[in-house]
Amino acid sequence: MGDREGSLTVPAVVHFIGAGPGAPDLLTLRAAQLIAAAPVCVYAGALVPDEILAHAPAGARLVDTQHLHLDEIVAEYVAADEAGLDVARLQSGDLSIYSAVAEQARRLDELGIAWDLTPGVPAFAAAAAALRTELTIPEVAQTVILTRHGRRASAIPPGEELGSLAAHGATLVIHLGTQAIDEIATALIPHYGANCPAAVVARASWLDELVLRGTLADIAGRVQDAGVRRTATILVGPALAAAGFRNSHLYSKARARE
């Protein structure tokens, strides 16, 4: 925490923290320690469970950003900085993808406010765990592409359209696309085939987690029948149903070990 009265001033810091996919016990030890030491906790609404907020110290200022715009969020950082108070900024999943950290950090740099990043368990990893699936299988899939559907968010850059990504045949993980599952399946079938394994994991790691398995031909119907509309991850690729595959070189007897 910052000390604005001492002769050796320690600047306040905004700690951006990946709070994980939902389950409170998937929070990292570092994240829990930072939250416990921060007098201000800024968190992402319904995506961060109360059990994680419980790590905050007694009397901490808790700010839900669910209905705040960027200027209002930055104003919280500025107020904390002026008071010499560290901030635990909790965001769901991991900070490295789709977290909107970059735009917040840019503003903090402009204001001269210190910040750092603490990674968290990403939603796609929690979804893979729910499926009991490794997304990279020897000689089946060695690449994972993480993307999102662009209907209601920022425009997809040229070359990153779904069809272009699907042409690689890699394991494909699509965020924020459940409402357009019909459109997504239609775009992927020419590249993967109608019988390619597909899955949707809704609220991965939460108590009400829902796992739907199928193929590109029927996954949209399964999603619609289950009434899943948001907070879900779509996974597509042959790795989801791989069987009889070759063992990896990692534990091979033929591998030289020192």
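The name an unreviewed UniProt entry gives the protein is Precorrin-4 C(11)-methyltransferase, with Baekduia soli as the organism. According to UniProt, the comment filed for the protein under the heading Sequence similarities (unreviewed entry) is "Belongs to the precorrin methyltransferase family."

Caption draft 1: Up close: the overall build of the protein. Across its full length, the protein carries eight helices and 10 strands. Judged by the C-alpha coordinates and their principal axes, the protein covers about 65 × 50 × 35 Å. A burial count over the protein gives 44% of its 258 residues as buried. For the protein, long-range pairs separated by at least 24 residues make up 68% of all intrachain contacts whose partners lie at least 6 apart in sequence.

Caption draft 2: Summary view of the packing of aromatic side chains. Considering all chains together, one arrives at two aromatic pairs under this definition. Centre to centre, the rings of Phe16 and Tyr77 are 6.1 Å apart; their planes meet at 80°, and the pair counts as edge-to-face. In this pair, Phe16 sits in strand β1 (residues 13-18) while Tyr77 sits in helix α3 (residues 70-82), placing the two residues 61 residues apart along the sequence. Considering the side-chain rings of Phe16 and Trp115, the 6.2 Å spacing of their centres and the 80° angle between planes classify their relative orientation as edge-to-face.

Caption draft 3: Quick look at the environment of Leu172. On the secondary structure map, Leu172 appears in strand β7 (residues 171-175). Put simply, Leu172 and Leu162 are 10 residues apart on the chain and 9.6 Å apart in space, counted from C-alpha to C-alpha. Leave out the neighbours within four places in its chain, and Leu172 touches Ile145, Thr147, Leu162, Leu165, Leu188, Tyr192, Ile234, Leu235 and Val236.

Caption draft 4: Structural context of the domain arrangement of the protein. With domains assigned, the protein is organised as domain 1 (14-118) and domain 2 (123-241). Its C-alpha centre places domain 1 at a distance of 29 Å from the equivalent point of domain 2. When domain 1 packs against domain 2, close to 730 Å² is buried across both sides, 70% of that on carbon and sulfur atoms. Across the domain 1-domain 2 interface, the total number found is four residue pairs in polar contact (both at pLDDT 80 or more). Of the residues that constitute the side of domain 1 that touches domain 2, the class distribution is eight nonpolar, two polar and no charged.

Caption draft 5: Region of interest: the nonpolar core. By size, the foremost hydrophobic cluster in this structure holds 25 residues, and its most contacted members are Leu172, Leu188, Tyr192, Val200, Leu216 and Val236. Counting residues per element, this core draws most heavily on helix α7 (residues 181-192), at five residues. Within the second largest apolar cluster, 18 residues are counted, among which are Ile17, Leu53, Ala60 and Ala88.

Caption draft 6: Highlighting the sheet that holds strand β3 (residues 61-64). On the basis of which strands lie adjacent, the open sheet formed by five strands has the order β3-β2-β4-β1-β5 and parallel pairing. The open sheet has two edge strands with one neighbour each: β3 and β5 (114-118). Direction aside, neighbouring strands of the sheet carry axes that sit 20° apart on average. Most of the contacts of helix α1 (residues 29-37) go to β1, to which it runs at about 140°, and overall it touches β1, β4 (87-91) and β5. Sitting on the sheet, helix α4 (residues 101-111) touches β1, β4 and β5, and the angle it makes with β1 is about 175°.

Caption draft 7: Summary view of the sheet that holds strand β6 (residues 144-148). Taken in spatial order, the five strands line up as β6-β7-β10-β8-β9 in an open sheet, and their pairing is mixed. The outermost strands of the open sheet, each flanked by one partner alone, are β6 and β9 (210-215). Within this sheet the neighbouring strands show an average axis-to-axis angle of 20°, counted without direction. Note: strand β8 (residues 197-202) against β9, six bridges, orientation antiparallel. Residue pairing for β9: Pro197 is matched across the bridge by Thr215. The strands touched by helix α8 (residues 219-226) are β8 and β9; relative to β9, the strand with the most contacts, the crossing angle is about 150°.

Procedures and definitions
Residues numbered from 1 in each chain as written. Predicted model: local features only at pLDDT ≥ 70, side-chain atom pairs only at ≥ 80, totals over all residues. Heavy atoms only, no water. UniProt positions renumbered as here; feature names shortened; annotations may be inferred. Helix = DSSP H or I, 4+ residues; strand = E, 2+ residues; numbered from the N terminus. Buried < 20%, exposed > 50% of the residue type's maximum accessible area, 1.4 Å probe, protein only. Contact = heavy atoms within 4.5 Å. Phe/Tyr/Trp six-rings, centres within 6.5 Å; stacked < 30°, edge-to-face > 60°. Domains from an automatic or database assignment. Buried area = accessible area lost by both parts, 1.4 Å probe. Polar contact = N/O pair within 3.5 Å; in protein donor to acceptor, adjacent residues only side chain to side chain. Nonpolar A, V, L, I, M, F, W, Y, C, P; charged D, E, K, R; others polar. Core = buried A, V, L, I, M, F, W, Y, C linked by side-chain atoms within 4.5 Å. Pairing = 2+ DSSP bridges. Axes fitted to C-alpha atoms, helices over the stretch in contact; angles between N-to-C directions.

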